[in-house]
Amino acid sequence: MRMIILDEEQRKEYEMPEGLSVIECLLRYDLPVRNDCAAKGNCGKCRVRTIAGNLSPETEIEREHLSKEELDQGWFLACQRAAKSDVTLRLSYGRDAGYRKTMLAEKEDALAGDPVVQRGVFSMSEPDLSDQVPDWERLLAAVGGSVSREAIPRGLLSALPELLRKEDFTVTVTTVANRLAAVTPGKSERRPFGAVCDIGTTTLAVYLVDLATGITRGAAAKTNPQVSFGTDVISRINSVSEDFSALEKMHGDIVAAIAELMAGLLEENDLSADDLFAMTVVGNTTMSHLFAKADPRRLATAPFVFCFKQGLTFRGRDFPLPMHPEGEVFLLPNVAGYVGSDTVGVMLSVDILNRSGCAIAVDLGTNGEIVLSGNGRVLACSTAAGPAFEGAKIKNGMRAGAGAIEKVRISDGEIELKIIDEAPPAGICGSGLIDAAAQMLKAGLIDASGCLLPPDTDFPLAENLRRRLRKGDQGLDEFVLAAKGEYGNDADVVISQKDIRELQLGKGAVAAGITVLLREMNITAEEVDRLFLAGAFGNYMDVRHAVMLGLFPGISVEKVEAVGNAAAYGGRLALLSREKRAAAEELAEKTEHIELSTSAAFYDIFMREMNFPG
Amino acid sequence: MAFEKVRDAMLATDSELVVKEINAELAKGADPKAIFDVLTDAMGEIGDLFSEMKMFLPEVMLATEAMNEAFAILGAEMQKQDQAIENLGTVVIGTVKGDVHTVGKDMVTGTLNTAGFKVFDIGIDSSPQDFVEIAEREGADIIGLSALMTATMPSQKDVIEFLESKGIREKYKVLVGGGVVTQEWADEIGADGYSKDAVGAVDVAKRLVGR
């Protein structure tokens, strides 16, 4: 039997031995699935969705962990079922923010044809008096191709004669781009590895990639240590403006954090620093500057002229990182001050250059970066999406961790909540807020202008909803989503009128950004055939609800496709393929940046788009 | 209540309806000043609803637009009848050097305008010299400084220092605002007034000119 895994745009087939549970098959092929309880049926984390095919019958354990609606939609627990025919599955991923960020880049694909790092075994004829070709030239002749004659690895010449003769003129040679990087005696069985580093303002993620197969071997994440200089990019830039030595410190902090994650990944995989030959780095323009130790100060004020834009190439030895000193570090290019190499990564990942038709890519975070491609042009803008999507500035907002309400349903006056790790609700995360607002809009609890019903409303409401309306702090109306004790929680979790307003600011800015780009390209939303939603948050958000709230004006649900951590995925493409690396440079050059803060149209559209579709 | 339909149209932030109701009242021979007072009260109500967040920026913007249209009609009518339109004071407003955000400044321009101030909007990325030149030329009472980013807040201070260096600090009341600006910052740089939003700015401005 065959198991077909749909993962974002990819479709992969695996042979599935009879008699194995689905989770055993997934684990056998190293596919991302949570297995916290070792397939005992206790944790409910191995949720997978069937798209097609027959499985063994539903179990009691599944009914404990999944709602009826989810079971009807094809969700099941991989440890509970075996396949009865060929099946097509869609995988779900882990939960906490770091895990979200790391798992989402997992997207297996064929290795591109022109890898940056190549390793080969070469044998040379032994010299004699009729063949006096020197060792270096002898090696170059054997390796052939376009390997640079000038770039000789540091220290190689002192060791080369012995290296060649140790195994009778058979050596294993590793090249990086056109540069010979390492020579070891004899035929090596070791494979070269690489790393992708996604520097988020909040979270840093590092992925270890087998460069021979293109497969990701591991991922690790931690909080960006630069948060001690401020949680947003502007405060980090301000730190440098106040004291220039902060640049050195923040650069050192991020490199040390990358080194720590990389060292852990290498150890887990029984690898050494000398196995790591390439690393690509993506991040917003400020993060790129801090990584490269470039002066970021002019990023913060108009006219936003920053230090550099192009992709930068370093050697491994330029940083105190656990990698081969002759390896290569490639920092992807930026587009503009607030459209960075992470957005270039997103563009690479959805192959926006080679798409026909018109497509939008949106990466949602504290800033929303929006890209529109079509008619041979690529436009990009950045908009202050505000803190709402990440749960900040929301009365009971929290990050997507245990206890966060992530899904909300309101029907027939009843409220159904889905809480991460099924803990008592402690707050609400961005995807939960989107859900709550959309369901409240549908239930008539808020109107198109975003106004929440007052407690004394005469609007016809189910009693269970009416009693949840009240006046909260500062005289602001609020809606109690989970009353104290209702789900074992020790405090109320509410949606306040102000929370709705914060959401309106964020969604208005994103919707207006999209609209301004469409106008600039002179096309309508109907002409857009795809909207790629990048970022962990986009992957968890219920797209139907986002559309219901008008986040993507004029774009219908079917056109929206969540593509996970596409920035890191783009970084991985640039790690594996020289062609993709060149495409990144081309994208950065070609993309036209539209500055929204001076766009006359933006203000009016932003005001209009703050309202919900009514 | 007098002119209830005008008031309701204003609270519905429907400028077409406001204009229609005003014209209907004027046709009946109503006193333009009395209509104007009703509209001003309605704007006050909208301000209260805004602070309770029952109304939001789009409605305030629409209300401001409606008020501007009403102002044009009523102002012309009052002039015909030789009634003076009271000017509460003259304001020069702009977004400070290095900052190009317009939304907040535009909202304040609108609310001050409709409250009866004469407002000169000098735009974005404005230097201390720009502010002072226009303020001197127009005989301004208030200079309004908008900054939306922590990186550009110091530019508000630059304007105050420039006024001091010219020895004309006492001629003007300086009002500061913007997403990241706080009362503490306003106090620190010696500004005369601060408001967290465009609606509150009207009260502060009125207080600064002694109204």
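Residues numbered from 1 in each chain as written. Chains lettered and ligands numbered in written order. Predicted model: local features only at pLDDT ≥ 70, side-chain atom pairs only at ≥ 80, totals over all residues. Heavy atoms only, no water.

Student: Describe the overall build of chain B, naming the residues involved and giving the relevant values.
Tutor: On a plain count of helices and strands, chain B comes out with nine helices and five strands. In chain B, the succession of helices and strands from N to C terminus is α-α-α-α-β-α-β-α-β-α-β-α-β-α. Compactness check: chain B gives a C-alpha radius of gyration of 18 Å against a globular reference of 17 Å for 211 residues, within 12% of the reference. Referenced to the eigenvectors of the C-alpha coordinate spread, the extents of chain B come out at roughly 55 × 40 × 25 Å. Among the 211 residues that make up chain B, the fraction classed as buried is 55%. Summarising the internal contacts of chain B: among those between residues at least 6 apart in sequence, 70% fall at separations of at least 24. Carbon and sulfur atoms form 50% of the exposed surface of chain B, whose accessible area is close to 9300 Å². Within chain B, the 37 negative side-chain charges are centred at a point lying 2 Å from the centre of the 20 positive side-chain charges. (Helix = DSSP H or I, 4+ residues; strand = E, 2+ residues; numbered from the N terminus. Rg over C-alpha atoms; globule rule 2.2 N^0.38 Å. Buried < 20%, exposed > 50% of the residue type's maximum accessible area, 1.4 Å probe, protein only. Contact = heavy atoms within 4.5 Å. Areas by Shrake-Rupley, 256 points an atom, 1.4 Å probe, with all protein chains shown as cover. Lys, Arg positive; Asp, Glu negative; His and termini not counted. Charge placed at Lys NZ, Arg CZ, Asp CG, Glu CD.)

Student: Before we move on, can you summarise the environment of A:Asp542 with the specific residues and values?
Tutor: Residue and element names in this part refer to chain A. On the secondary structure map, Asp-542 appears in the loop between helix H14 (536-540) and helix H15 (543-548). The class for Asp-542 is buried, based on a relative accessible area of 9%. Spatially, the C-alpha atom of Asp-542 lies 8.3 Å from that of Lys-407, the residues being 135 residues apart in sequence. Excluding anything up to four places from it in sequence, Asp-542 contacts Lys-407, Arg-409 and Asp-435.

Student: Hey, could you go over the side chain of A:Ser148 for me, with residue numbers and the actual values?
Tutor: All names here are of chain A. Checked against the element boundaries, Ser-148 lands in the loop between helix H5 (135-143) and helix H6 (156-166). Within the structure, the side chain of Ser-148 is placed 3.1 Å from the backbone nitrogen of Ala-151, a separation counted as a polar contact. For Ser-148, the contacting residues outside a window of four places in its chain are Trp-136, Leu-140 and Asn-178. (Polar contact = N/O pair within 3.5 Å; in protein donor to acceptor, adjacent residues only side chain to side chain.)

Student: Residues and numbers for the interface of chain B and chain A, please.
Tutor: Contact with chain B, which involves 22 residues of that partner, is made by 24 residues of chain A. Both sides together, the interface formed by chain B and chain A hides about 2000 Å², and carbon and sulfur atoms give 69% of it. When residues of chain B are sorted by the area they lose upon contact with chain A, B:Met53, B:Lys54 and B:Phe56 head the list and together hold 31% of the total. In this assembly, chain B and chain A are joined by one salt bridge. A salt bridge links A:Asp477 to B:Lys54; the shortest N-O distance between them is 2.6 Å. At the junction of chain B and chain A, the tally comes to seven residue pairs in polar contact (both at pLDDT 80 or more). Of all the elements in the fold, those that place two or more residues in the side of chain B that touches chain A are helix H4 (57-80) and helix H5 (103-115) of chain B. With four residues, H4(B) is the largest single contributor of residues to the side of chain B that touches chain A. Classifying every residue of the side of chain B that touches chain A gives 12 nonpolar, five polar and five charged. (Buried area = accessible area lost by both parts, 1.4 Å probe. Salt bridge = Lys/Arg side-chain N within 4 Å of Asp/Glu carboxyl O. Nonpolar A, V, L, I, M, F, W, Y, C, P; charged D, E, K, R; others polar.)

Student: Mind laying out the pattern of salt bridges, listing which residues take part and the relevant values?
Tutor: Residues and elements named next belong to chain A. All told, the structure shown has 50 salt bridges over all chains when counted by the stated rule. Note that Asp-295 is salt-bridged to Arg-298, the shortest N-O span being 3.8 Å. For Asp-295, a relative accessible area of 22% translates into the label partly exposed. In this structure, Glu-406 engages Lys-418 in a salt bridge whose closest nitrogen and oxygen atoms are separated by 3.4 Å.

Student: Describe the packing of helix H18 (residues 600-609) of chain A against H5(B), with residues and values.
Tutor: Running from amino to carboxyl end, H18(A) crosses H5(B) at an angle of 80 degrees, the nearest separation of the two axes being 11 Å. Classified by the angle their axes make, H18(A) and H5(B) are roughly perpendicular. Where H18(A) abuts H5(B), its residues A:Tyr603, A:Phe606 and A:Met607 lie against B:Val103, B:Asp106 and B:Met107. By residue class, the composition of the contact of H18(A) with H5(B) is five nonpolar, no polar and one charged. (Axes fitted to C-alpha atoms, helices over the stretch in contact; angles between N-to-C directions. Parallel < 35°, antiparallel > 145°, perpendicular 65-115°, else oblique.)

Student: Tell me about the sheet that holds strand S23 (residues 493-496) of chain A, and please be specific about residues and values.
Tutor: Residue and element names in this part refer to chain A. One open sheet accounts for three strands, arranged S21-S22-S23; its pairing is antiparallel. The open sheet terminates on both sides in strands that have one partner only, identified here as strand S21 (469-471) and S23. Taking each pair of neighbouring strands and ignoring which way they run, the sheet shows an average axis angle of 40 degrees. Direction of pairing for S21 relative to strand S22 (residues 477-482): antiparallel, over a ladder of three bridges. What sits directly across from Lys-471, in S22, is Asp-477. (Pairing = 2+ DSSP bridges.)

Student: Report on the nonpolar core, specifying residues and quantitative values.
Tutor: In terms of nonpolar packing, the biggest core is built from 117 residues, with A:Ile360, A:Phe552, B:Met10 and B:Leu39 touching the most fellow members. The greatest single-element share of this core, amounting to 10 residues, is contributed by helix H13 (residues 497-521) of chain A. When sequence neighbours within four positions are dropped, the list of residues in contact with B:Leu39 reads B:Val6, B:Met10, B:Val18, B:Ile22, B:Met67, B:Ala70 and B:Leu74. Among the nonpolar cores identified, the runner-up in size contains 51 residues, and A:Val233, A:Ile254, A:Leu261 and A:Leu331 belong to it. (Core = buried A, V, L, I, M, F, W, Y, C linked by side-chain atoms within 4.5 Å.)

Student: Tell me about the domain arrangement of chain B, residues and numbers included.
Tutor: Where the parts come together, the accessible area they lose is often given as the size of the interface. Residues and elements named next belong to chain B. Split into domains, chain B comes out as domain 1 (4-80) and domain 2 (89-208). Each of domain 1 and domain 2 was reduced to a C-alpha centroid, and the two centroids are 26 Å apart. Each partner contributes residues to the interface: domain 1 has nine residues there, and domain 2 has seven residues. Carbon and sulfur atoms make up 79% of the area that domain 1 and domain 2 hide from each other, which totals about 790 Å². Mapped onto the side of domain 1 that touches domain 2, the elements with two or more residues apiece are helix H3 (32-51) and H4. Looking at the side of domain 1 that touches domain 2 residue by residue, the classes come out as six nonpolar, three polar and no charged. (Domains from an automatic or database assignment.)

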